[in-house]
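The residues making up each chain are set out below.
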Amino acid sequence: MAQNAKLFVAQPQNTAMLKKEGDNLYRYDDMQSLENIEESGAVLQGFVEKSNVNAVKMMTQMIETNRLVGNVPKSYGHPNERHEPRRYRKTG
């Protein structure tokens, strides 16, 4: 059963006090001074983030590109069947 929880969205008074932890994570030692900005609209309940990438279109383009790349060696033919460029000798 899912539990309801409330997300704490806050803005530190002094952003210079944020300490980088790595992987886009920051630490703020003075938790008591954080202000709850619940009504900021930064996070809205019931909404899902949607990527701006159309997965079907990207997959189709990838398949088409893969086919094109696969056809390039075929256009050259088998290495033993390649025609060497003609070399002409200078005459007189």
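Residues numbered from 1 in each chain as written. Predicted model: local features only at pLDDT ≥ 70, side-chain atom pairs only at ≥ 80, totals over all residues. Heavy atoms only, no water.

A.B. asks: Sorry, what's going on with the overall build of the chain here?
C.D. replies: Per the secondary structure count, the chain includes one helix and four strands. When the elements of the chain are put in sequence order from the N terminus, they spell out β-β-β-β-α. Sequence-distant contacts in the chain: of pairs separated by 6 or more residues, those separated by 24 or more amount to 43%. (Helix = DSSP H or I, 4+ residues; strand = E, 2+ residues; numbered from the N terminus. Contact = heavy atoms within 4.5 Å.)

A.B. asks: I tried to follow the pattern of salt bridges on my own but got confused; where do I start?
C.D. replies: It is possible for side chains of opposite charge to pair when their charged atoms get near one another. Taken as a whole and judged by the stated rule, the model has three salt bridges. Among the ionic pairs, Asp29 bridges to Lys19, the shortest N-O distance being 2.7 Å. Taken together, the residues span a long stretch of sequence, with Asp29 in the loop between β3 (25–27) and β4 (35–36) and Lys19 in strand β2 (residues 19–22) at a distance of ten residues. Given a relative accessible area of 36%, Lys19 falls into the partly exposed group. Among the salt bridges present, the one from Glu21 reaches Arg27, with a minimum N-O distance of 2.8 Å. The network of salt bridges with common partners includes Lys19, Glu21, Arg27 and Asp29. (Salt bridge = Lys/Arg side-chain N within 4 Å of Asp/Glu carboxyl O. Buried < 20%, exposed > 50% of the residue type's maximum accessible area, 1.4 Å probe, protein only.)

A.B. asks: Got a minute to help me understand unusual backbone geometry in this structure?
C.D. replies: Glycine aside, residues mostly have negative phi angles, and peptide bonds mostly take the trans form. With a phi angle near 50°, Asp23 is a residue other than glycine that sits in the positive phi range. Its place among the elements puts Asp23 in the loop between β2 and β3. Overall, Asp23 belongs to the exposed group, its relative accessible area being 77%.

A.B. asks: What am I meant to see in a nonpolar patch on the surface here?
C.D. replies: A contiguous nonpolar surface patch, about 290 Å² in accessible area, is contributed by Met59, Met62 and Ile63. The topology assignment puts Met59 in helix α1 (residues 55–76). (Patch = residues over 30% accessible without salt bridge, like charges linked within 9 Å, V, L, I, M, F, W, Y side chains within 5 Å. Areas by Shrake-Rupley, 256 points an atom, 1.4 Å probe, with all protein chains shown as cover.)

A.B. asks: Could you clarify how one ought to interpret the environment of Val43 in this entry?
C.D. replies: For Val43, the position within the fold is in the loop between β4 and α1. Residue classification places Val43 among the partly exposed residues on the basis of a relative accessible area of 47%. Contact partners of Val43, with chain neighbours within four places excluded, come to Leu7 and Val9.

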